[in-house]
Amino acid sequence: MYKSFLLSILAGLLLLACNSNPNAVEDYAYTNSLIHETSPYLLQHAHNPVDWYAWNDSTLAKAKRENKLMLISVGYAACHWCHVMERESFEDTAVAAVMNANFINIKVDREERPDVDQIYMNAIQLMKGRGGWPLNVIALPDGRPVWAETYVAKEEWKRALSQIQTLYEDSPERLVDYAARLEAGIKSLDLVQINRDEVDFSALKTDSIVTAWSSRFDEKDGGIAQAPKFMMPNNYHFFLRYAVETEDQDLLEFVKLTLKKMAFGGVYDQVGGGFARYSTDMRWHIPHFEKMLYDNGQLVSLYSDAYLVDPNPLYKEIVYETLNYINDEMTHESGAFYSSLDADSKSPDGELEEGAYYVYTEAEIDSLITDRPELFKSYYNINDYGKWEEEGSYVLIRQETDEEFTAANNLSQAELNGLKSLWKEKLGVYRDTRPRPGLDDKSLTSWNGLMLKGYLDAYRVFREPNFLAAATKNANFIKDQQVKADGGLWHSYKDGKSTINGYLEDYAAVIDGFIAMYETTFDQQWLDLSKQLMEYAQTHFGYTDSRLFYFTSDEDAQLVSRSIEYRDNVIPASNSIMAHNLLRLGHYFDQSDWIKDAQTMLHNVLPEVSAYPSSFSNWLQLGRNFQNEFYELVVVGPEAEAVLAEINKTYIPNKMIAASSSSSDAPLLKNRFIEGETFVYVCVNNTCKLPVRTAEEALPLMGY
């Protein structure tokens with residue numbers, strides 16, 4: 001209904017779906033109001049001839065006061081196709097003249113304003129069944145959308161704007177009527193129906209869900225059998241857990257295949273470490289070259305846990321190289337983590353080009369790799385398999401394990417390691433002479449929480465002191481800079497300034513990270529902070545009837561709809577993370593109502609889980625905690641850290657940790673400390689088995 005009505009309004013419009021790269025404007029003939037913003041993405045557009053405004057109360061009031069349509073363009077700093085549209089349209093004075101004459105033009109950084117992005121992403125999904133960035137929306141002066149597209153070629157963009165403006169002038173009632181119906185559709189998207197069935201998680205048929213899901217697996221290259229391929233780390237975290245718990249060897253082998261192929265592919269930076277956002281092909285070879293903090297934080301956690309199940313040195317190598325990349329390129333001196341590296345950088349001809357920083361010609365490789373060049377070309381496939389679509393350009397990709405390669409080439413692993421280090425150093429030094437990709441140096445609280453958890457998971461598995469040091473510094477940054485005086489969170493930080501009231505995703509990720517800080521350091525302050533943030537979220541993000549939280553605070557300005565984010569995506573949904581947090585904090589602080597709330601949240605999303613499992617993998621993880629025993633592992637005494645270090649060598653996804661080397665009044669620790677003794681208590685719902693003294697005795701009590 002929505003689509004047909006829209007088509008009748010905009011008949012004849014031909015809209016494309018591509019984007020282009022950003023040429024830096026050097027003479028600054030134009031400057032608009034974005035020059036006062038801190039977002040790197042908004043600042044990229046500060047010298048466009050378009051009269052851009054930021055999304056804020058004064059801009060929205062201006063649209064209403066002047067009764068103009070709003071043109072809302074949403075993107076982010078590392079978005080290649082956003083740069084393309086800027087170069088082709090937003091830097092063009094003829095296009096700008098059309099936009100400035102008729103519209104209030106608003107630029108939105110989707111990372112700073114995920115709430116605005118989600119509203120209009122829902123709108124384009126309703127209109128067209130797809131979405132993406134840049135996301136360009138035309139809305140009535142009150143913000144209700146009437147038209148949306150991703151990339152549009154310049155002439156068609158001008159024609160579309162003119163047609164919609166003409167319609168607004170001649171028949172505004174048609175747009176108003178359509179906006180009302182679309183608004184109803186947007187509001188219905190995030191409504192969660194109350195599940196009236198009895199709460200019974202045995203009804204969650206996880207086995208049949210996984211069986212149906214497996215029909216989509218790519219058994220050759222891992223991942224889902226489609227292109228582009230996103231890494232979706234929360235999906236594979238669930239698969240890893242389910243495979244271990246059910247002893248499903250086939251599923252475990254699929255997880256291992258996927259992790260290997262991702263690590264072998266060009267989607268992983270073979271020279272500098274870290275993962276790009278996704279691959280454009282089926283074999284993880286050609287990435288969309290932008291590197292996002294949130295992917296790398298979650299993938300560090302995934303590869304670390306996988307190492308406990310399968311101590312493959314490749315997994316350890318990936319974790320260490322990725323965290324070296326984060327430390328070297330994505331970390332502020334305060335301990336804050338930056339958001340992303342751009343896909344684009346300047347090519348030798350001076351044009352901005354996707355992947356220019358990362359790819360090599362064979363001539364460049366021949367000049368640089370003088371130590372066993374034939375081995376390098378074989379290892380990284382400088383051949384037809386590794387060639388990019390550009391003539392003579394290569395994105396490094398592996399096909400063989402180190403064991404296979406050393407055996408075939410009569411090398412020891414030590415010799416290969418030495419060669420790899422030398423090769424990577426030479427290629428890295430060389431590419432650092434090239435123009436670097438743009439850095440989005442704002443720090444988002446939610447993404448920092450994910451990276452904090454990644455560092456702590458890596459420390460739990462590998463016991464590398466630098467990992468804990470980086471995590472501690474970041475946790476203190478969040479505590480000192482991003483926790484507001486009233487106990488809430490800021491969302492963004494840049495240039496010493498914290499801005500934007502926090503969203504549910506900030507509370508979810510930070511609480512999760514702070515709980516991990518407590519489980520690692522035994523420092524009660526992190527657990528107390530987690531509880532305070534949860535109570536703040538309960539007050540200001542309001543439970544709905546389904547017990548799910550709203551995405552925005554009750555202190556934020558009202559948008560077209562107050563959304564509820566509950567479907568997992570590349571990042572797990574804020575509500576699914578909060579449900580896990582409620583379960584853990586309910587146990588830590590003996591608040592059974594919080595545990596019940598987590599159960600209710602899961603129960604109310606169950607009707608969708610079977611049909612769309614990839615959008616509910618973090619919920620499925622929670623379901624495993626309710627379907628099986630969930631262990632409260634309590635370790636008290638002077639040797640608590642050493643005992644836990646031994647226990648943490650085993651992959652135990654269905655546990656939480658309470659620990660102290662001294663006396664404590666915390667509910668799980670109270671009256672359990674005995675001077676000079678270390679005891680391990682394995683408990684389920686506050687009912688504990690007889691205490692033991694060692695990891696070797698404790699593990700069998702949890703079935704390991």
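Residues numbered from 1 in each chain as written. Predicted model: local features only at pLDDT ≥ 70, side-chain atom pairs only at ≥ 80, totals over all residues. Heavy atoms only, no water.

Trainee: Requested: an account of the overall build of the chain, with residues and values cited.
Mentor: A count of helices and strands for the chain gives 26 helices and 22 strands. Relative to its length of 704 residues, the chain is compact, with a C-alpha radius of gyration of 26 Å against a globular reference of 27 Å. In terms of overall dimensions, the chain has C-alpha extents of about 80 × 65 × 50 Å along its principal axes. Across the 704 residues of the chain, 60% fall into the buried class. A separation of at least 24 residues holds for 70% of the contacts in the chain among residues at least 6 apart in sequence. Accessible surface for the chain amounts to roughly 26,900 Å². Of this, 48% is attributable to carbon and sulfur atoms. (Helix = DSSP H or I, 4+ residues; strand = E, 2+ residues; numbered from the N terminus. Rg over C-alpha atoms; globule rule 2.2 N^0.38 Å. Buried < 20%, exposed > 50% of the residue type's maximum accessible area, 1.4 Å probe, protein only. Contact = heavy atoms within 4.5 Å. Areas by Shrake-Rupley, 256 points an atom, 1.4 Å probe, with all protein chains shown as cover.)

Trainee: Please give an account of the side chain of Thr150 that cites residues and values.
Mentor: Turning to its location among the elements, Thr150 is positioned in the loop between strand S5 (145-149) and helix H7 (154-170). Of the polar contacts made by the side chain of Thr150, one reaches the side chain of Glu149; its length is 3.4 Å. (Polar contact = N/O pair within 3.5 Å; in protein donor to acceptor, adjacent residues only side chain to side chain.)

Trainee: Mind laying out the pairing of strand S19 (residues 631-636), listing which residues take part and the relevant values?
Mentor: In terms of burial, S19 is largely enclosed, as six of its six residues are buried. Side chains Tyr631, Leu633 and Val635 of S19 all project onto a buried face; the interleaved residues Glu632, Val634 and Val636 project onto the opposite face, where all are buried too. In terms of strand pairing, S19 meets strand S20 (residues 655-660) through six bridges, oriented parallel. Across the sheet, residue Val635 finds its bridge partner in S20, namely Ala659. On the question of chirality, the crossover connecting S19 to the parallel S20 by way of helix H25 (residues 640-647) is right-handed. Where S19 lies against strand S21 (residues 679-684), five bridges are found, and the strand directions are antiparallel. Each bridged residue has a counterpart across the sheet, and for Glu632 the counterpart in S21 is Cys683. (Pairing = 2+ DSSP bridges. Right-handed = clockwise from strand over helix to strand, strands pointing away.)

Trainee: An account of the state of the cysteines is needed here, citing residue identities and associated values.
Mentor: When the sulfur atoms of two cysteines share a covalent bond, that bond is a disulfide. This model, assessed by the stated rule, comprises two disulfides. The disulfide partner of Cys79 is Cys82, and the gap between their sulfur atoms is 2.3 Å. Because the sign of the S-S torsion sets the handedness, a value of about 80° for the bond joining Cys79 and Cys82 places this disulfide among the right-handed ones. Judged by relative accessible area, Cys79 falls into the buried class, the value being 2%. Cys82 sits in the buried class, given a relative accessible area of 2%. Cys683 shares a disulfide with Cys688; S-S distance 2.0 Å. Judged by the sign of its S-S torsion, about 95°, the cystine formed by Cys683 and Cys688 is right-handed. Look at Cys683 and you get buried, because its relative accessible area is 1%. Here the chain pairs its bonded cysteines, counted in sequence order, in the arrangement 1-2, 3-4. (Disulfide = S-S within 2.5 Å.)

Trainee: Explain the sheet that holds strand S7 (residues 278-279) to me, and be specific about the residues and the numbers.
Mentor: Reading across from one edge, S6-S7-S8 is the order of the three strands in this open sheet, with antiparallel pairing throughout. Edge positions in the sheet fall to strand S6 (229-230) and strand S8 (287-288), since each of these pairs with one other strand and no more. Across two bridges, S7 lies against S8 in antiparallel orientation. Bridged to Tyr278 within S8 is His288.

Trainee: Outline the layout of surface pockets, listing residues and values.
Mentor: The calculated volume of the second largest pocket comes to roughly 850 Å³. Lining the second largest pocket are 35 residues, with Trp55, Asn56, Asp57, Leu60 and Arg113 sitting closest to its centre. Counting residues per element, the ones that place at least two in the lining of the second largest pocket are helix H3 (57-66), strand S3 (103-109), helix H6 (114-128) and strand S18 (497-501). Residue composition of the lining of the second largest pocket, grouped by class: 14 nonpolar, seven polar and 14 charged. (1 Å grid on protein atoms, 1.4 Å probe; cavity = no way out; pocket = protein on both sides within 12 Å on 5 of 7 lines; lining within 4 Å. Points joined across faces, edges and corners; volume = space filled by probe spheres on them. Nonpolar A, V, L, I, M, F, W, Y, C, P; charged D, E, K, R; others polar.)

Trainee: Report on the packing of aromatic side chains, specifying residues and quantitative values.
Mentor: If you walk through the whole model with that rule in mind, you get 40 aromatic pairs. Note on Tyr76 and Trp133: the rings are 6.1 Å apart at their centroids and 80° apart in plane angle, and the pair reads as edge-to-face. Taken together, the residues span a long stretch of sequence, with Tyr76 in the loop between strand S2 (69-75) and helix H4 (80-90) and Trp133 in the loop between H6 and strand S4 (135-139) at a distance of 57 residues. On the basis of relative accessible area, Tyr76 is assigned to the buried category, the value being 2%. These aromatic residues form a ring-pair network of at least three members: Trp213, Phe217, Tyr236, Phe238, Phe239, Tyr242 and Phe254. The residue whose ring lies beneath Arg283 is Tyr385, and the NZ or CZ to ring-centre distance is 4.1 Å. (Phe/Tyr/Trp six-rings, centres within 6.5 Å; stacked < 30°, edge-to-face > 60°. Lys NZ or Arg CZ within 6 Å of the ring centre and 35° of its normal.)

Trainee: Describe the side chain of His603, and please don't skip the residues or the numbers.
Mentor: Here His603 shows up in helix H23 (residues 592-609). Residue classification places His603 among the buried residues on the basis of a relative accessible area of 5%. Every residue in contact with His603, bar those within four places of it in the chain, is listed here: Asn195, Asp197, Glu198, Val199 and Phe201.

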